[in-house]
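Tertiary structure, described
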Amino acid sequence: MAEQSLIDHDRQAAGFAPRPEASRAETGDHARATTDADRKVGDDPLVIADRRFGSRLIMGTGGSPSLQVLGDALVASGTELTTVAMRRVDPSAPGSVLDVLQERGIAVLPNTAGCFTATEAVLVARLARDALETNWVKLEVIADDVTLLPDPLELVEAAEQLVADGFVVLPYTNDDPILARHLADVGCAAVMPLGAPIGSGLGIRNPHNIELIVADATDRNLPVILDAGIGTASEAALAMELGCSGVLLASAVTRAHDPVRMATAMRHAIEAGRLAYGAGRIPVRRYARASSPVEGRID
Amino acid sequence: MIVRVNGTDTELAPGTTLADLVAQVAPGERGRGVATAVDGEVVRRDGRAGVVLVEGAKVEIVTAVQGG
């Protein structure tokens, strides 16, 4: 909690409005007073642009051993929005991921995975818009195929072009608060910082930066979706406890030994993390604090 | 004439339209959820019949797959 206060102090020094949390003063045994807004946290919908989602888990479809397992895992996850990639038509492909989503009533979110330049990403986004009849895009512009880290310069350039072309742009970005701010400035509908590199399962390597991104985005009423790096349920819960509005993950579920069970775990973790964020955790203390009364002990 | 279709040089009859090519590559139901680009520019689905392919054109025909 000391760290939390420091962030608030520094934010104000830097000219930001105090975060909502800053007004939640420590009161007695409790971390802070619970506000009406807090009480709603946990069952409020995820809002991105003009759409509302009951689930705060956005799933990816990559890495699944079969379309049947994928479909079962998507249902278990409770997701209402799920990404697909755009690739050249393969006449020998056994089935379509679009059918899996359509049969289960899950909305499709095309991505620009595999694009290295803004030019490529803008073309793929436009192809996806025509193919799938959606102006939403998860924008990915990566720098190389070893780290799969976003290329910040190409990413902002692509985001700017796509926003100007009428897209609702959800950019996959580094855990860099300033880059996130630039993406917000050019009109993105959310920011989606990585917890760790795609598919690494390393969790959230820089929770402090994620908090900074959340603080800035909250001022702009912009959702933050933790995208990439999640390996297991506790990490998804942490993302929500840090104040993220949602989590996007694929490999952690699709490459788990039991994808359906892991999808269920992720659904619970994200709900639990969101509730905990709204509930207001106790302050972190250096020393113990007894929960049983001191008075009335026997001699 | 030779047209580059999804990265492969392909022999097509002169006068072949983009709509004709899509019907060959992604027939019937497979044509749903497909998008096309010629020489780096998206050709929307209602414009495909009006695009007559020419020698050396680069055509991309894409659809959604598992990913992300």
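Values in this document were obtained by computation on a predicted structure and should not be read as measured data.

1. Topic: the interface of chain A and chain B
Listed per partner, the contact involves 29 residues of chain A and 20 residues of chain B. Among the elements of the structure, β4 (81-88), α4 (97-103), β5 (107-110) and α5 (118-132) of chain A are those that each provide at least two residues to the side of chain A that touches chain B. Of the residues forming the side of chain A that touches chain B, the biggest block, 7 residues, is contributed by α5 of chain A. Each residue belonging to the side of chain A that touches chain B can be placed in one class, and the counts come to 17 nonpolar, 7 polar and 5 charged. Sheet topology note: the β4 of chain A/strand β5 (residues 58-66) of chain B ladder contains 5 bridges and is antiparallel. By the bridge assignment for β5 of chain B, A85 of chain A is matched with V65 of chain B.

2. Details of the pairing of strand β7 (residues 168-173) of chain A
Residue and element names in this part refer to chain A. Across the 6 residues that make up β7, a large majority, 5, are buried. With 4 bridges joining them, strand β6 (residues 136-139) and β7 adopt parallel strand pairing. Looking at β7, one finds that L139 is bridged to P171. As a crossover connection, the stretch from β6 through helix α6 (residues 152-164) into β7 is right-handed. The handedness of the β7 to strand β8 (residues 192-193) crossover, carried by helix α7 (residues 177-185), is right-handed.

3. Observations regarding the packing of α7 of chain A against helix α8 (residues 207-219) of chain A
Residue and element names in this part refer to chain A. Between α7 and α8, the least distance of the axes is 9 Å, while the angle of their chain directions is 25 degrees. One element, α7, and the other, α8, form an angle in the roughly parallel class. The handedness of the crossing between α7 and α8 is right-handed. Contacts between α7 and α8 pair P177, A180, R181 and A184 from the former with N209, L212, I213, D216 and A217 from the latter. Residue composition of the contact of α7 with α8, by class: 6 nonpolar, 1 polar and 2 charged.

4. Overview of the sheet that holds β7 of chain A
Residue and element names in this part refer to chain A. The strand order across the open sheet formed by 3 strands is β6-β7-β8, and the pairing between neighbours is parallel. For this open sheet the edge positions go to β6 and β8, each flanked by a neighbour on one side alone. In this sheet, β8 lies alongside β7 in parallel orientation, the contact comprising 2 bridges. Along β8, the bridge assignment pairs Y172 with M192.

5. Observations concerning helix α3 (residues 67-77) of chain A
By the burial criterion, the buried members of α3 of chain A are L70, G71, A73, L74 and S77 of chain A. Viewed along the axis of α3 of chain A, the buried residues span an arc of 165 degrees, placing them on a single side of the element. In the core, the buried residues of α3 of chain A are packed alongside β3 (57-60), β4, α4, α10 (251-254) and α11 (259-279) of chain A together with β5 of chain B. With its phi angle positive at about 80 degrees, G78 of chain A sits one or two positions after the end of α3 of chain A.

6. Section: the environment of G203 of chain A
All names here are of chain A. Along the chain, G203 turns up in the loop between β8 and α8. Spatially, the C-alpha atoms of G203 and I142 are 19 Å apart, while their sequence positions differ by 61 residues. Discounting chain neighbours no more than four positions away, the residues touching G203 are G195, A196, G229, I230, G231 and E235.

7. Here's the deal with the confidence of the model for chain A
Model confidence for chain A is summarised by a mean pLDDT of 89, while 86% of its residues fall at 70 or above. Across residues 15-28 of chain A the pLDDT falls below 50, and counting only partners more than four positions away or on other chains, this stretch makes 24 contacts in the model.

8. Concerning the nonpolar core
Residues and elements named next belong to chain A. L139, V191, A236, C244, V247, L249 and M266 are the most contacted members of the largest nonpolar core, which totals 105 residues. Among the elements that take part in this core, α5 stands out by supplying 10 residues, more than any other. Excluding residues within four positions of it along the chain, A236 makes contact with I230, V247, L249, M266, A269, I270 and G273.

What counts and how
Residues numbered from 1 in each chain as written. Chains lettered and ligands numbered in written order. Predicted model: local features only at pLDDT ≥ 70, side-chain atom pairs only at ≥ 80, totals over all residues. Contact = placed C-beta atoms within 7 Å. Helix = DSSP H or I, 4+ residues; strand = E, 2+ residues; numbered from the N terminus. Nonpolar A, V, L, I, M, F, W, Y, C, P; charged D, E, K, R; others polar. Pairing = 2+ DSSP bridges. Buried ≥ 20, exposed ≤ 12 C-beta atoms within 10 Å, placed from the backbone. Right-handed = clockwise from strand over helix to strand, strands pointing away. Axes fitted to C-alpha atoms, helices over the stretch in contact; angles between N-to-C directions. Parallel < 35°, antiparallel > 145°, perpendicular 65-115°, else oblique. Left-handed = near helix turned anticlockwise from the far one by under 90°. Arc of directions from axis to C-beta. pLDDT = per-residue confidence, 0-100. Core = buried A, V, L, I, M, F, W, Y, C linked by C-beta atoms within 7 Å.

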